[in-house]
Amino acid sequence: MGDGNATTNNRSVSNSNNNEKPEWLQQYNLIGKIGEGTYGLVFLAKTKSPANRGKSIAIKKFKQSKDGDGVSPTAIREIMLLREISHENVVKLVNVHINHADMSLYLAFDYAEHDLYEIIRHHRDKGSHCINQYTVKSLLWQLLNGLNYLHSNWIIHRDLKPSNILVMGEGDEHGVVKIADFGLARIYQAPLKPLSDNGVVVTIWYRAPELLLGAKHYTSAVDMWAVGCIFAELLTLKPLFQGAEAKSTPNPFQLDQLDKIFKVLGHPTLEKWPTLANLPHWQSDLQHIQGHKYENTGLHNVVHLSPKSAPYDLLSKMLEYDPRKRITAAQALEHEYFRIEPLPGRNALVPSQPGEKVINYPTRPVDTNTDFEGTTSLQPPQPVSSGNAVSGGMPGGHGVANRSASRPMQIGMPRMQPQVMATYNMAQAGMGGAMNPAGIPMPRGVAAQPHQQQHLRRKDPPGMGSGYPPQQKSRRQ
Amino acid sequence: MADFQTSTHRAKWIFTPQQLVEKHKVTNQRAKQMLEKCGTTRIEVDVDGSLSYPETQANAADNADKHSRPKPLSVDEEQFMRVYYEYKLREVCSAFYFPHKIQATALIYFKRFYLQWSVMEHDPKHVMLTCIYAACKIEENHVSAEELGKGISQDHQMILNYEMIVLQSLEFDLIVYAPYRSVEGFINDMEEFCHATDDQIQMLKDMQATAITEVDKILFTDAPLLFPPGQLALAALRIANEMHQVLDFERYLRNILSRQNSVHTISNLTESLDAIDSWVKKYKFPTEKDMKHINRKLKSCWGHSSHDDKKREKKSKHKSHKSSNEMQNGPTLA
């Protein structure tokens, strides 16, 4: 169904001696690795099914949890949240695959060619032109729109940064922002443990002051602080508060980061932020953060905006010290900034006004010397194919922490022989593809995703999608 | 997530009673057929979480005389088996002092899992423990498989083996809405509704405690697969109110319906609450004798292919053979 290459070996669920490609992998042509982080790897692949031939998919591989304790909790949390949400400005999880060989999960997302990290870097490194106003405003509006949806569904992202804000490449959704990487996201009502408890290192540049000062409770305001930082970075092409991270202890006090913030925004005062007194690090004041080193706020100078301008007003409301006074995503969407010309648009990359220069952002570099396991193949590197060569560092697609040094990459190399993986898909509780070789994307059964529903029907063999395991009588080989 | 309306719980995991009956019939039927064709119903879960199905025995139906041939569980017997293990599930959760929410999530996972599978196919003991393990992960109350296994003297490897098949059978719909939170919400709302005095607030507190034990009962029935959590909570609160006599419950129901501009009429809602009550009244726990009988049958259904049975490789499947290992697989938990 939908996969012309499906073999007849439907029984092979997982067999390490089997060199045939696993069924779920047969749905894809692996292009290469596009990112790497503490949680695992991200690959670029294209679908082979006739209905969607050539559609790009980002496949995020989660490592098994370190302590030998089953499926990665980060993966599970990301899946469980993404299963419940659906919004134009949030990445779409299209499938979940299981690799039995190492009990890892592969999450398949609609692929986004760009992210804010790469867009900002492109402007900074090349040409040194600012990002045009329309693009900045549209990116920001869509980011807020997605965030407003998350917050109204009681989800805090907790790890917003430019590399987690994706932007779609050419196609139906060109220039549409997608918030990605929900590995650290939390539902408000769930107990919120400090980030350090997860053993995950996240960059501190976008961290809200209340967290830096030791607040135990997260609110949606932490995401708005990050949006403020990202907004400023879009304007200036430089991280707004680029503190040096202290790494001495598991959860050290980030003095330098706070210092960077105070330098630009001035010191917080109890008058403006009454609950400041309750924050552990402020209270203990071991590093004399209460001392008034900086008086004048220089934010407008840093971002080169007039203090009376609409964008400055919005930015300063996002960077409000008191989280309870900080502007919410819903309020921000209503801000005057979005009501004055140029108005934000759906395609953030292509200005609506004719005459505005359209920037051709480079495509994401792809490391083709890899298979789906992330193991580098033995095949020697091939020469850079003409025209397709992309120079640049490994991108941090989909929220990647590590960015390796720049090196040339190539696209279009033959696919590596992937290792054996089992095919599983969401709609089917059971086993291999006897009844459903194509792998049905998750049906949600709700009207909210009519698009996907239709798409499903096409791939859905009659009688399937019920979630019943098919009857299968043969023991695997 | 606060929004039950757009949840997978609402969209995919609330059924009609007929659908439920049908689902249990289908899995039962499938296991029966497997038993006829293969002489066993057990699907093995390997260390890598993958499944092995029993092989078809060409002459399975002929080569054994009628008396020694294993008999499948009936739909009702399967129900007893699930009821028994749901009770065990709560015992384990209590032993670990897990909060209500985890226990409720695990229970609902267990119920959902056995919509897809027969208890003849997957040992409910393993599934029960894996559901608890998964619920702990989801609710950020992480307990290692080893710790969980140790606490109840069970091999934790089997929990890890089952994790994938459980997650998959749940179709990765892992956010579950338990009625406990709704109870809390309604109690707060009732305080406002009655402009409660200090005395009344205390009465509402007592009523809440009673309602929570009522929810505990409801969660043992099929009602969580049939009704949204808000209705389960209201049914529990209605019973609690009968006991504590705090407010005019019907007036309160009318009040919430009018405030929510609900499409439901009061009679719709009362009907649902009555139905939930009747599920609780219908609830039947198997007797020791029932369980003995069912367990004996279940063991014979699993008789020929336990993973401990190394001989299966040689395909020497004698009908009368039962390994001693398999005999221990019953509803006995330390």
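What counts, and where the lines are drawn
- Residues numbered from 1 in each chain as written.
- Chains lettered and ligands numbered in written order.
- Predicted model: local features only at pLDDT ≥ 70, side-chain atom pairs only at ≥ 80, totals over all residues.
- Heavy atoms only, no water.
- UniProt positions renumbered as here; feature names shortened; annotations may be inferred.
- Helix = DSSP H or I, 4+ residues; strand = E, 2+ residues; numbered from the N terminus.
- Buried < 20%, exposed > 50% of the residue type's maximum accessible area, 1.4 Å probe, protein only.
- Pairing = 2+ DSSP bridges.
- Expected span 1.5 Å × (residues − 1).
- Contact = heavy atoms within 4.5 Å.

Chain B goes by Cyclin-H1-1 in an unreviewed UniProt entry, where it is assigned to Manihot esculenta. The UniProt entry for chain B carries the following text under Subunit (unreviewed entry): "Interacts with the CDC2 protein kinase to form a serine/threonine kinase holoenzyme complex also known as maturation promoting factor (MPF). The cyclin subunit imparts substrate specificity to the complex." Quoted verbatim from the Sequence similarities (unreviewed entry) field of UniProt, the annotation for chain B is "Belongs to the cyclin family."

As recorded in an unreviewed UniProt entry, chain A goes by Cyclin-dependent kinase E-1 and comes from Manihot esculenta. Looking at the Sequence similarities (unreviewed entry) heading of the UniProt record, one finds this comment for chain A: "Belongs to the protein kinase superfamily. CMGC Ser/Thr protein kinase family. CDC2/CDKX subfamily."

Trainee: Please explain the environment of Arg364 of chain A as it appears in this structure.
Mentor: Mapping Arg364 of chain A onto the fold places it in the loop between α11 (329–333) and α12 (450–459). Remark: the alpha-carbon pair of Arg364 of chain A and Leu116 of chain A, spanning 248 residues in sequence, is separated by 12 Å.

Trainee: I tried to follow the pairing of strand β2 (residues 40–47) of chain A on my own but got confused; where do I start?
Mentor: A regular strand places its side chains on the two faces of the sheet in alternate fashion. Residue and element names in this part refer to chain A. Taken across its 8 residues, β2 has 7 buried, putting it largely inside the fold. By the bridge criterion, 7 bridges tie strand β1 (residues 28–36) to β2 in an arrangement that is antiparallel. Each residue of the ladder has a partner; that of Glu36, found in β2, is Leu41. As paired strands, β2 and strand β3 (residues 56–62) are joined by 7 bridges and run antiparallel to one another. Opposite Lys46, over in β3, you have Ser56 as the bridge partner.

Trainee: Sorry if this is basic, but what is going on with helix α8 (residues 179–193) of chain B here?
Mentor: Residue pairs spaced three or four apart in an α-helix point in one direction, given the helix's 3.6 residues per turn. Residues and elements named next belong to chain B. Here α8 is 15 residues long and its end C-alpha atoms lie 20 Å apart, about the 21 Å a rise of 1.5 Å per residue gives. What α8 keeps buried is the set Pro179, Tyr180, Ser182, Val183, Phe186, Ile187, Asp189, Met190 and Phe193. Next to the buried residues of α8 lie α3 (75–95), α4 (100–116), α9 (198–219), α10 (229–244) and α11 (249–259). Positive backbone phi, at 45°, marks His195, one or two positions downstream of α8.

Trainee: What am I meant to see in unusual backbone geometry here?
Mentor: Among all residues except glycine, the phi angle is most often negative; among peptide bonds, the trans geometry is most common. Of the consecutive residues Glu341 of chain A and Pro342 of chain A, the connecting peptide bond is found in the cis state with omega at -5°. Following the sequence through the fold, Pro342 of chain A ends up in the loop between α11 and α12. In this structure, Phe172 of chain B is a non-glycine residue whose phi angle is positive, near 60°. Within the element layout of this structure, Phe172 of chain B appears in the loop between α7 (156–169) and α8. Taking the relative accessible area as the measure of exposure, Phe172 of chain B reaches 2% and is therefore buried.

Trainee: Looking at this structure, I do not really get the pairing of β3 of chain A. What am I missing?
Mentor: Residues and elements named next belong to chain A. For β3, the tally of buried residues reaches 7 of 7 residues, placing the bulk of the element in the interior. Neither face of β3 is left uncovered, since the one carrying Ser56, Ala58, Lys60 and Phe62 and the one carrying Ile57, Ile59 and Lys61 both have all their residues buried. Pairing of β3 with strand β5 (residues 104–110), which is carried by 6 bridges, proceeds in the antiparallel orientation. Note that in β5 the partner of Ile59 across the bridge is Ala108.

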